[in-house]
Amino acid sequence: MAFDWNQYIDVGRELCSKKEQKYIRAGISRAYYGLYNKLRLHKGLTTRYRPHKELIDKLLLAEIFEEEADLSFYLQQLKKFREESDYDGIQVVDERYSKDFWLRFDTALEIFEKNK
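Procedures and definitions
Residues numbered from 1 in each chain as written. Predicted model: local features only at pLDDT ≥ 70, side-chain atom pairs only at ≥ 80, totals over all residues. Heavy atoms only, no water. Core = buried A, V, L, I, M, F, W, Y, C linked by side-chain atoms within 4.5 Å. Buried < 20%, exposed > 50% of the residue type's maximum accessible area, 1.4 Å probe, protein only. Helix = DSSP H or I, 4+ residues; strand = E, 2+ residues; numbered from the N terminus. Contact = heavy atoms within 4.5 Å. Arc of directions from axis to C-beta.

Before going further, it helps to examine the nonpolar core. Ranked by internal contacts, the top residues of the largest apolar core, which has 27 residues, are Ile28, Leu39, Leu71, Phe101 and Phe105. Elements supplying a minimum of two residues to this core: helix H1 (6-16), helix H2 (21-42), helix H3 (51-60), helix H4 (68-87) and helix H5 (95-115). Here this core gets eight residues from one element, more than from any other, and that element is H5. Beyond its immediate sequence surroundings of up to four residues, Leu39 is in contact with Leu55, Leu59, Leu71, Leu75 and Phe112.

So, about H1. Among all positions in H1, only Ile9, Gly12, Leu15 and Cys16 are buried. Projection of H1 onto a plane perpendicular to its axis shows the buried side chains occupying an angular sector of 125°, all on one side. Buried positions along H1 lie against H2 and H5.

Following the sequence through the fold, Glu84 ends up in helix H4. For Glu84, a relative accessible area of 16% puts it in the buried group. Once you skip the residues sitting within four places of it in the chain, Glu84 turns out to touch Arg25, Gln91 and Tyr97.

Rendered as structure tokens:
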């Protein structure tokens, strides 16, 4: 049975609700990968070389529905949040940062769910 990437999103929400930086960082990463994998599968892409850029570029073409270009934009923003959370030890990752991430994330997820 295929893994349900919504479970990653759920784990991300749960971790971000703990309000400590270590949990928020991990939660943002899990949620991003949950959405990334849902979109990747939707576009029929594998996890080969430069998969994030490939997916962002493919969504920009809006081949299946018009708002895919919007998803490309949001995924780029969310990827930046994820990279800062995973790699930037100086970036403050707090409740406000988490709120900004989830605002964009929920918009992207809503666009995808409405059009898939």
